[in-house]
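Analysis of the macromolecular model
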Amino acid sequence: MSNVLVLDAGGTISSRADARGVLSGGQGLALGAGAGDTRLSLQQVHAGLSDELSLADAAAIVRAAQAAADGADDLAGIVVAHGTDTMEETAFLADLVWTSPLPLVFTGAQRAPAHPAFDGTKNLADAVALAANPAARDRGVLLAFGGRVMPARHAVKAHTSDLTGFADRQGEAGSSGDILARLPRLQDRPAALSDLRMDPTVEILAASLGSGGGLIDAAVAQGARGIVIQALGRGNASPPVVAAVGRAYAAGVVALVASRCPFGRVAPDYASGARMADAGAIFSADLGASQARILLSAMLGLETSGDAAAARLRAWLAV
C-alpha cells in the first residue's frame, strides 16, 4: 500500500461560486480515500484563490511540504492541489529548496467542482498516480495537469481556460502515461537553497514596442532591490528601457532579464540585450519571468547586498 499526502492549497479545484457565479476560495478540497494500492491523506495549508497568495504564503506551503517529507517515513509522495494562476511560482519555489527524494507534484483545475465538466478529479488522480510511482523519485518538483507532466522549472500557464492549462517552456512535456519514459532526471539541477527568506521588493516590468524607462525608475525610487525585465524576444528592449536598466544597476538594484515569449531562452545576442548585459543585467537563461522573479526574490532574501545576491544568482544560472 502506497501512502500519498495531498496538501490542499486552495484554488479553483476547491472553490465555490456565489449567486452571480463568481468564484471564491475557502470550500476545501473534496478527497476520496484513494484507489487501488494508494491510500490518501489530506492536510489543508491554505484556503483561498492563488491570486491572493503572498510570497510568505507560498513559502509556507513549501515549508509544509518539506515538513511532511522530513517527518513521515511511510510516504510515497506528496501532491499539492494549488490554484492555477500562481501555481508555476509556488512549484518553482519548492523546486529551489527541495532535497527530498520523494516526488512532489503540483496540480489543480481550470473548472470549479460545481462545473459539469470539472477537471480537478482527473488532474488529482494523475498527480497522485505520479507521486505514488517509485520511478518518479529524485526528479525534483513536477507539475501534472491536463494529462501532461513537466518540471516545475519550465512550467508556464499557457491558456486562461483551456483544460490543458500549462505548457513546458522547453517543449518537452510528456503525457501522464509516458512521463517516466520522456522526462529524464535533471542531473544538473542547481544545489538547493538553504532557506526561504523571500524579499518582496522584486517587481516584473514588461517591455513592449517603444517602452519608456519610467516604470523602472519608479520601482527603484520606491525601494525595489530587484527587477525582472520581461523583455522582447531573446532579451531585447527599447533604448529608454536599456538606459533605465543601467541606472537601476548603478543604484544597486539587481536586474534580471526574461522574455515575454512563452517558449525558449534569453541571451544577449542582439545589441540592446548586449548593452543591458554590459550595464550589469543578468539573463535568466530558460526561466520565464514568473520563475525569474521567484529566484531573484529568494537570492535577495539570502543576501544583504545586491552584489552578493547577483553573484549567487549567476552561479545558480550557470548550472
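This write-up is about the structure you can find in this document.

Further remarks concern the pairing of strand β1 (residues 2-8). Within β1, six of the seven residues are buried, which leaves it mostly tucked inside the rest of the structure. Direction of pairing for β1 relative to strand β5 (residues 38-44): parallel, over a ladder of seven bridges. Pairing of V4 across the sheet is with L40, part of β5. In this sheet, strand β6 (residues 75-81) lies alongside β1 in parallel orientation, the contact comprising six bridges. Bridge pairing in β6 links D8 to A81.

A separate point is the pairing of strand β13 (residues 202-206). Two strands pair when backbone bridges link them, and β13 and strand β14 (residues 226-231) are joined in this way by five bridges, in the parallel orientation. Among the inter-strand pairings, A206 is bridged to a residue of β14, identified as Q230. Taken together, β13, helix α5 (residues 214-221) and β14 form a β-α-β motif whose crossover is right-handed.

Turning to the side chain of D286, a few remarks are in order. Locating D286 in the fold gives a position in the loop between β16 (282-283) and α8 (289-302). There is a polar contact of 2.8 Å between the side chain of D286 and the side chain of H154.

Once that is clear, we can look at the sheet that holds β16. A sheet is described by the order of its strands in space; here four strands give the open sequence β13-β14-β15-β16, paired in parallel fashion. Either end of the sheet is taken by a strand with one partner, and the two such strands are β13 and β16. Note: β14 against strand β15 (residues 254-259), six bridges, orientation parallel. Residue pairing in the sheet places Q230 in a bridge with A258 of β15.

All right, on to helix α3 (residues 120-132) then. Spanning 13 residues, α3 covers 18 Å between terminal C-alpha atoms, matching the ideal 18 Å at 1.5 Å per step. For α3, the set of buried residues is G120, N123, L124, D126, A127, V128, L130, A131 and A132.

So, about the pattern of salt bridges. Tallying each qualifying case throughout the model produces nine salt bridges. With a shortest N-O distance of 2.8 Å, D286 and R153 are connected by a salt bridge. With D286 in the loop between β16 and α8 and R153 in the loop between β9 (148-151) and β10 (155-157), this pair connects stretches of sequence that are 133 residues apart. Judged by relative accessible area, D286 falls into the buried class, the value being 6%.

Now for the environment of G146. Counting through the fold element by element, G146 comes out in the loop between β8 (141-145) and β9. Between the C-alpha atoms of G146 and D119, which are 27 residues apart in sequence, the distance is 7.9 Å. Discounting chain neighbours no more than four positions away, the residues touching G146 are N123, L163 and T164.

Time to look at unusual backbone geometry. At D138, a position not held by glycine, the phi torsion is positive, near 65 degrees. Along the polypeptide, D138 turns up in the loop between α3 and β8. Assessed through its relative accessible area of 35%, D138 is described here as partly exposed.

This brings us to the packing of aromatic side chains. Each aromatic ring pair is specified by the distance between its two centres and by the angle formed by the two planes. Within this structure, the stated rule accounts for two aromatic pairs. Taken together, a centroid distance of 6.1 Å and an interplanar angle of 90 degrees make the contact between F92 and W316 edge-to-face. Of the two residues, F92 sits in helix α2 (residues 87-97) while W316 sits in helix α9 (residues 306-317), which places them 224 residues apart along the sequence. On the basis of relative accessibility, which here comes to 0%, the residue F92 falls in the buried class. Assessed through its relative accessible area of 7%, W316 is described here as buried.

Rules used throughout
Residues numbered from 1 in each chain as written. Predicted model: local features only at pLDDT ≥ 70, side-chain atom pairs only at ≥ 80, totals over all residues. Heavy atoms only, no water. Buried < 20%, exposed > 50% of the residue type's maximum accessible area, 1.4 Å probe, protein only. Helix = DSSP H or I, 4+ residues; strand = E, 2+ residues; numbered from the N terminus. Pairing = 2+ DSSP bridges. Right-handed = clockwise from strand over helix to strand, strands pointing away. Polar contact = N/O pair within 3.5 Å; in protein donor to acceptor, adjacent residues only side chain to side chain. Expected span 1.5 Å × (residues − 1). Salt bridge = Lys/Arg side-chain N within 4 Å of Asp/Glu carboxyl O. Contact = heavy atoms within 4.5 Å. Phe/Tyr/Trp six-rings, centres within 6.5 Å; stacked < 30°, edge-to-face > 60°.

Without other data, these values stay purely geometric and don't point to any function.
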